[in-house]
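# What the coordinates show
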Amino acid sequence: MASQRPPSGLGRPMSRGGSLVPGAGRLLTAVRPPPTAIRVATGMVPGTGSHPGTRGGGSITNPGVLSAQIKVTDRPVTQQGLSGMKTGMKGPQRQILDKSYYLGLLRSKINELTTETSKLHKEIDNFNQENSVYLSYEKRAEGLAGEIKELQGHLADYNMLVDKLNTNTEMEDVMNDFNVLKAQNDREAESIDVIFTERREREEAIRMIDEEIRREKRVADEVVKAMPAAKQEKYGALTAANEELLQELSVRQEELDVLLTRKEAYEAELGLSHMKQEAVRLHETLSTLEARRDAMK
């Protein structure tokens, strides 16, 4: 075993070409050791067994060992150790904008529109729910407002009673005030009953008049149907002319109302200005004198 040991540090290492490298008994820093061409099999544990360059000196000929050589340049060395394999730079996703690309883009836009439409529908549903809740709250608020008004009336009565008690008012005076208010309330209740009765009678009269108008209209339609064709045409033309005249009358009535409103405004403005009144008087005098002049010619 002693004869197989390598020479000590006094000897010189061999170069790649087999010649001795001049210098000290160590490897040069510029010389990189040759890459190992042998990988340990999967079943072998590193650190055990024979390794290349050990005392056994023999090469491993395990058939399970890969025969592919590993290039050191494929695994660049960094400051933190060995890094992974370099991958290519990420380029554009698609180089050719074909039909499938535009179809995918169209589908994505359709999905976005569908999502936005669903959001709008949800907002509409929420708005409708809030609106219905608001209407229910509004009806409830109207009922509560009536109750509040009634309670305010009771509170006013109690406050008046407390004021009477604090001012040491006689019970007879309180009863007199009560009787006065009761008589006033009775009169107002009777007036309300009379108004309600008159309203009901007028509604009944209006209903009877409407029924009579409908009956007369049916009779007129029967009479028109019994007329000859020429008279029916003449009746239709007169009816159309009547409708046009009624519409024109309605328009003229609206214009008259506007003019009357303007006249009232001008009269009110004239009543506040003495200068305008004097101007109107002079204008009327001038018109009278012009009329006399024209009559004398």
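Residues numbered from 1 in each chain as written. Predicted model: local features only at pLDDT ≥ 70, side-chain atom pairs only at ≥ 80, totals over all residues. Heavy atoms only, no water.

## Observations concerning the overall build of the protein
Defined as follows: Only DSSP runs of H or I reaching four residues or more are called helices, and only runs of E reaching two or more are called strands; each is numbered from the N terminus. Burial classification: accessible surface area is computed with a 1.4 Å probe over protein chains only, and a residue below 20% of its type maximum counts as buried, one above 50% as exposed, and the rest as partly exposed. Should any heavy atoms of two residues lie within 4.5 Å, those residues are considered in contact. Computed with a 1.4 Å probe, the accessible areas rest on the Shrake-Rupley method; for each residue, only the protein chains presented here act as cover.
Of the regular secondary structure elements, the protein holds 4 helices and 2 strands. Shown N-terminal to C-terminal, the secondary structure of the protein runs as helices and strands in the order β-β-α-α-α-α. The buried share among the 297 residues of the protein stands at 1%. Within the protein, counting contacts between residues at least 6 apart in sequence, those at least 24 apart form 19% of the total. Counting only carbon and sulfur atoms, one obtains 59% of the accessible surface of the protein, whose full area is about 27,700 Å².

## Quick word on the pattern of salt bridges
Should their charged atoms come close, side chains of opposite charge can pair. Heads up, the condition is: The salt bridge criterion pairs a side-chain nitrogen of Lys or Arg with a carboxyl oxygen of Asp or Glu, the two atoms within 4 Å.
All told, the structure shown has 9 salt bridges when counted by the stated rule. The residue E204 makes a salt bridge to R207 at a minimum N-O spacing of 2.3 Å. Of this pair, E204 and R207 are both found in helix α2 (residues 171-226), 3 residues apart, which corresponds to roughly one turn of the helix. On the basis of relative accessible area, E204 is assigned to the partly exposed category, the value being 36%. A salt bridge links D294 to R293; the nearest nitrogen and oxygen atoms lie 3.7 Å apart.

## Re the confidence of the model for the protein
Convention followed: The predictor's confidence in any single residue is recorded as pLDDT, a number from 0 to 100.
On average, residues of the protein score 76 in pLDDT, and 68% of them reach the 70 mark or higher. Low confidence marks residues 6-31, where pLDDT is under 50. Its contacts with residues over four positions away, or in another chain, come to 19 contacts. Confidence over residues 33-65 falls short of pLDDT 50; this stretch has 13 contacts with residues more than four positions distant or in other chains.

## Quick word on the packing of aromatic side chains
Stated precisely, the cut-off is as follows: Think of it this way: a Phe, Tyr or Trp ring, Trp meaning its six-membered ring, pairs with another when their centres are within 6.5 Å, and the plane angle makes it stacked under 30 degrees, edge-to-face over 60, tilted otherwise.
In this structure the tally under the stated criterion is 1 aromatic pair. Between Y101 and Y102 the ring centres are 5.3 Å apart and the planes differ by 75°, which places this aromatic pair in the edge-to-face class.

## Structural notes on a nonpolar patch on the surface
Here is the rule we go by: Like charges are joined within 9 Å and nonpolar side chains (Val, Leu, Ile, Met, Phe, Trp, Tyr) within 5 Å, but only among residues with over 30% relative accessible area and no salt bridge; these make up the patches.
Judged by side-chain polarity, L97, Y101, Y102 and L105 come together as a nonpolar surface patch covering roughly 370 Å² of accessible area. Tracing the chain through its elements places Y102 in helix α1 (residues 99-166). Residue class for Y102 comes out partly exposed when judged on its relative accessible area of 47%.

## Details of the layout of surface pockets
Definition in use: Any residue with an atom within 4 Å of a point lines the site, the site being either a cavity, points on a 1 Å grid over the protein atoms alone where a 1.4 Å probe fits but cannot get out, or a pocket, an open set with protein on both sides within 12 Å along at least 5 of 7 lines. Grid points are joined across faces, edges and corners, and a volume is the space filled by probe spheres set on the points. Gly falls in the polar group here, along with every residue not listed as nonpolar (Ala, Val, Leu, Ile, Met, Phe, Trp, Tyr, Cys, Pro) or charged (Asp, Glu, Lys, Arg).
Of the volumes computed, that of the second largest pocket is approximately 330 Å³. As for the second largest pocket, its lining consists of H154, D157, Y158, M160, L161, K164, V174, D177, F178, L181, K182 and N185. Tallied by class, residues from the lining of the second largest pocket come to 6 nonpolar, 2 polar and 4 charged.

## Let's talk about the packing of helix α3 (residues 229-272) against helix α4 (residues 274-296)
Under the convention used in this document: To obtain each axis, a line is fitted to C-alpha atoms, and for helices this fit is confined to the stretch in contact; angles are then taken between N-to-C directions over 0 to 180 degrees. For this classification, under 35 degrees means roughly parallel, over 145 means roughly antiparallel, 65 to 115 means roughly perpendicular, and everything else is oblique.
At a minimum axis separation of 5 Å, α3 and α4 run at an interaxial angle of 110°. Classified by the angle their axes make, α3 and α4 are roughly perpendicular. Touching E269, L270, G271 and L272 of α3 are H274, K276, Q277 and V280, all from α4. The residue makeup of the contact of α3 with α4, split by class, is 3 nonpolar, 3 polar and 2 charged.

## Re α4
Going by this rule: A helix is expected to span 1.5 Å for every residue after the first. Distance and chemistry together define a polar contact, namely a pair of N or O atoms within 3.5 Å, with one atom able to donate a hydrogen and the other to accept it when in protein, and with adjacent residues in sequence counting only for side-chain atoms on both sides.
With 23 residues, α4 extends 33 Å from end C-alpha to end C-alpha; this agrees with the ideal 33 Å at 1.5 Å per step. Two to three positions downstream of the cap, the backbone nitrogen of K276 sits 3.4 Å from a side-chain oxygen, assigning the N-cap of α4 to S273.

## A look at the environment of E267
Structurally, E267 is set in helix α3. Judged by relative accessible area, E267 falls into the partly exposed class, the value being 47%.

## Thoughts on the environment of Q232
The topology assignment puts Q232 in helix α3. On the accessibility criterion, Q232 (31% relative accessible area) is partly exposed. With sequence-adjacent residues up to four places away left out, Q232 is seen in contact with V224, K225 and M227.

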